[in-house]
Amino acid sequence: MKKLFSFLASLLFLISQSQELKNFEIPKGYEKILETKGDLDKDGKDEAVVVFNTNIKTKSEGFERKFYILKNINGKLKIWKENSSVIIDSKYGFYPTDNKLDVQIKNNCLLISQLFFTNSRHSDTSKYTFRFQNGDFYLIGSKYQLDDTCDYNFTYEINFSTGKTIVDEEYSSCDENKIDIPKDYYKEFIHKFTALKKMNGFRIGENKFKIPNSNKYFYY
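Reading guide: rules and limits
Residues numbered from 1 in each chain as written. Predicted model: local features only at pLDDT ≥ 70, side-chain atom pairs only at ≥ 80, totals over all residues. Heavy atoms only, no water. Core = buried A, V, L, I, M, F, W, Y, C linked by side-chain atoms within 4.5 Å. Buried < 20%, exposed > 50% of the residue type's maximum accessible area, 1.4 Å probe, protein only. Helix = DSSP H or I, 4+ residues; strand = E, 2+ residues; numbered from the N terminus. Contact = heavy atoms within 4.5 Å. Salt bridge = Lys/Arg side-chain N within 4 Å of Asp/Glu carboxyl O. Disulfide = S-S within 2.5 Å. Pairing = 2+ DSSP bridges.

## A word on the nonpolar core
Judged by nonpolar contacts, the single largest core of 33 residues is most densely connected at F67, I69, L110 and F130. Elements that contribute at least two residues to this core include exactly β3 (47-57), β4 (63-73), β6 (100-106), β7 (109-117), β8 (123-133), β9 (136-147) and β10 (152-159). In terms of residues, this core owes the most to one element, β10, which gives four residues. Non-local contacts of F130, meaning those with residues more than four positions away in its chain, are made with V86, C109, L110, I112, F137, Y138, L139, M199 and F202. Counting residues in each nonpolar core, the second largest holds eight residues, with F24, V50, L70 and I79 among its members.

## Focus on the pattern of salt bridges
Applying the stated rule across the entire model yields eleven salt bridges. Between K66 and E82 there is a salt bridge, and its shortest N-O distance comes to 3.2 Å. One end of the pair, K66, is in strand β4; the other, E82, is in strand β5 (residues 76-83), with 16 residues separating them in the sequence. Its relative accessible area of 14% is what places K66 among the buried residues. For E82, a relative accessible area of 35% gives the class partly exposed. Put simply, D136 and K81 hold a salt bridge, and the shortest N to O gap is 3.6 Å. Taken together, the residues span a long stretch of sequence, with D136 in strand β9 and K81 in strand β5 at a distance of 55 residues. What you see here is one network of salt bridges that share partners, running through D41, D43, E47 and K71.

## Thoughts on the environment of P182
By the secondary structure assignment, P182 is in the loop between β11 (164-171) and β12 (185-190). In this structure the C-alpha to C-alpha distance between P182 and Y171, which are eleven residues apart in sequence, comes to 6.2 Å.

## Considerations on the environment of P212
Tracing the backbone through its elements, the reader meets P212 in the loop between β13 (208-210) and β14 (217-219). Sequence spacing of P212 and F189 is 23 residues, and the spatial spacing of their C-alpha atoms is 8.2 Å. In contact with P212, other than residues within four places in its own chain, are K187 and F189.

## Examining the state of the cysteines
Simply put, the disulfide is a covalent bond whose two ends are the sulfur atoms of two cysteines. Scanning the model with the defined rule gives one disulfide in all. What pairs with C150 in a disulfide is C174, and their sulfur atoms sit 1.7 Å apart. Classification of the bridge connecting C150 and C174 rests on its S-S torsion, roughly 105°, and on that basis the disulfide is right-handed. Of this pair, C150 sits in the loop between β9 and β10 while C174 sits in the loop between β11 and β12, and the two are 24 residues apart along the sequence.

## Remarks on the sheet that holds β4
Each strand in a sheet pairs with another by means of backbone hydrogen bonds, the pair being arranged parallel or else antiparallel. The five strands lie next to each other as β1-β5-β4-β3-β2, forming an open sheet whose pairing is antiparallel. Looking along the sheet, the strands with just one partner apiece sit at the ends: β1 (22-23) and β2 (31-38).

Take it as geometry only, folks, not as evidence of what the structure does.
And the structure:
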């Protein structure tokens, strides 16, 4: 009887979800650039994450990028979630042709990694991890790297679930004769978050908090 009840409950949920979610069709003028599959809600079934160049122009003269998380329900693709705030646009940065984007699903989490150049010497690499919980996708991990050709390498990393935060700043110099090179800076600490950030609306580098016992800020 318990198995029958569980089956009926799952069936009703599936029917309800199928009715609520919209059918997916590629919007006119959109160009698919990436797709990956994996189980994001631990139901034993794979979702598909599909990334597109949209037809929306941005300030960089590129196109806004949007991704959809799709469920396959009764043979039809349904839009579960969509997002246009996390992924940088198609021509962002100094060398747009060298930009890199990677989207994976691992351990029931969505991992989005990006690289772009802020100028001819500086690269910006980020990796953000989102997990589906409490009915939505939340940011649970971030790793942010700023690298110069020869002057510095900075890494900022957070586990949002535990609050463990790592700041690692290494300095050098492009000038072999320079002697006033800043000292390397490394710090591990716990920063408690009152609430996790939802995936939708999150933008890279627009969030910060003060690093304890310093005049530095942690950006993510």
